[in-house]
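# Residue-level structural notes
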Amino acid sequence: MWKALKKNSADCKIKATAYDAGYNAISDASDVSFGITWTGVAGKPVEPFTVYSFKLGQNAPNPFSQRTMINYQLPKTGQVSLKIYNISGQLVKTLVNREQGAGSYSVQWDGRDESGQAVANGVYLYQIKARLRLTYATAPAGKQGSGGQAGEFSGIKKMIIIK
């Protein structure tokens, strides 16, 4: 933590305090003084903190003729599947079937089925399913893998292909 009592100071030191498991404090301070001149804050943080939620975006473009992008977000690590179905509910293509970490993702579909054949014009559905898990740091005491945002999430949207 930084504390500046004055906007400009020529005699500053750094003090660090750490706590052990029994909440006992251990401190150390710098031996050398340094100066601070207050100029304000500019720019963006190098690694901004982002909070993700479970979201399935509408594909774009829609309708499409050659390829489309599907975007989604995950709030935590989990097993994810993203599949394309025809209007009769038959599986056409699996785009994602793996574990992924928290974050934003984009997947491209080229309008082809599992065998590489171009699909017919029409309405298709894409469905995401995610089985998210808790990390040990967020699990309630004595309960691994429950509570918080753990669980199963799913979403489904439709898209149109016109060639």
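All of the points below concern the structure found in this document. Per chain, residue numbering runs from 1 following the sequence as it is written. Only residues with pLDDT of 70 or above have their local features reported here, since the model is predicted, and side-chain atom pairs are shown and tallied only from 80 upward, although totals for entire chains, interfaces and linings are computed over all residues. Side-chain numbers come from the whole structure's heavy atoms, not from hydrogens or water.

## Things to note about a nonpolar patch on the surface
On the surface, Ile87, Val123, Ile160 and Ile162 cluster together to form a nonpolar patch covering roughly 330 Å² of accessible area. Segments assigned H or I by DSSP are reported as helices when at least four residues long, segments assigned E as strands when at least two residues long, and all are numbered from the N terminus. The residue Ile87 is located in the loop between strand E7 (78–86) and strand E8 (91–100) in this model. The patches described consist of residues with a relative accessible area above 30% and no salt bridge, like charges being joined within 9 Å and nonpolar side chains (Val, Leu, Ile, Met, Phe, Trp, Tyr) within 5 Å. Residue burial considers only the protein chains on display, and all accessible areas are found by Shrake-Rupley using a 1.4 Å probe. Salt-bridge detection follows one rule: a side-chain nitrogen of Lys or Arg within 4 Å of a carboxyl oxygen of Asp or Glu.

## Concerning the nonpolar core
Counting 21 residues, the largest nonpolar core has Tyr72, Leu82, Ile84 and Trp109 as its most contacted members. At the level of secondary structure, the elements contributing two or more residues to this core comprise strand E6 (68–74), E7, E8, strand E9 (103–109), strand E10 (122–132) and strand E11 (151–161). It is E10 that provides the largest number of residues to this core, a total of 5 residues. Sequence-distant contacts of Tyr72, that is, excluding residues within four places in its chain, are made with Lys55, Leu56, Val80, Leu82, Val96, Gln100, Gly103, Ser104, Tyr105, Val107 and Ile128. Here, the term nonpolar core denotes a set of buried Ala, Val, Leu, Ile, Met, Phe, Trp, Tyr and Cys residues that are joined through side-chain atoms within 4.5 Å. Each residue is placed in one exposure class: buried if its accessible area under a 1.4 Å probe, protein chains only, is under 20% of its type's maximum, exposed if it is over 50%, and partly exposed if it falls in between. Throughout, a contact is declared for two residues whenever any of their heavy atoms are within 4.5 Å.

## What about the pattern of salt bridges?
Pairing between side chains of opposite charge can happen when their charged atoms approach one another. Here the structure, examined in full by the defined rule, presents 1 salt bridge. For Arg131, the salt bridge is made with Glu152, and the minimal N-O distance between the two is 2.7 Å. Of the two residues, Arg131 sits in strand E10 while Glu152 sits in strand E11, which places them 21 residues apart along the sequence. You'll find Arg131 and Glu152 in the same group, each marked exposed.

## Section: the packing of aromatic side chains
Side-chain rings of Phe, Tyr and Trp (the six-membered ring for Trp) are treated as a pair once their centres are within 6.5 Å; stacked means planes under 30 degrees apart, edge-to-face means over 60, and tilted covers the remaining angles. For the structure on display, the rule yields 4 aromatic pairs. Ring centres 5.2 Å apart and planes at 25° place the aromatic pair Phe54 and Phe153 in the stacked group. With a gap of 99 residues between them, Phe54 in the loop between strand E4 (34–37) and strand E5 (55–56) and Phe153 in strand E11 connect regions that are remote in the sequence. When the centroid spacing of 5.8 Å and the interplanar angle of 65° are considered together, the rings of Phe64 and Trp109 count as edge-to-face.

## Concerning the pairing of E7
Each regular strand carries side chains that alternate between the two faces of the sheet. Within E7, 7 of the 9 residues are buried, which leaves the element mostly enclosed by the surrounding structure. Here, any two strands with at least 2 DSSP bridges between them count as paired. In this structure, E7 lies alongside E8, joined through 8 bridges in antiparallel fashion. Paired with Tyr85 across the strands is Leu91, a residue of E8. As consecutive antiparallel partners, E7 and E8 are separated by 4 residues, and within that stretch Gly89 has a phi angle of approximately 90°, a positive value. Two elements, E7 and E10, share 9 bridges in a ladder whose sense is antiparallel. Its bridge partner lying in E10, Val80 is registered against Ala130.

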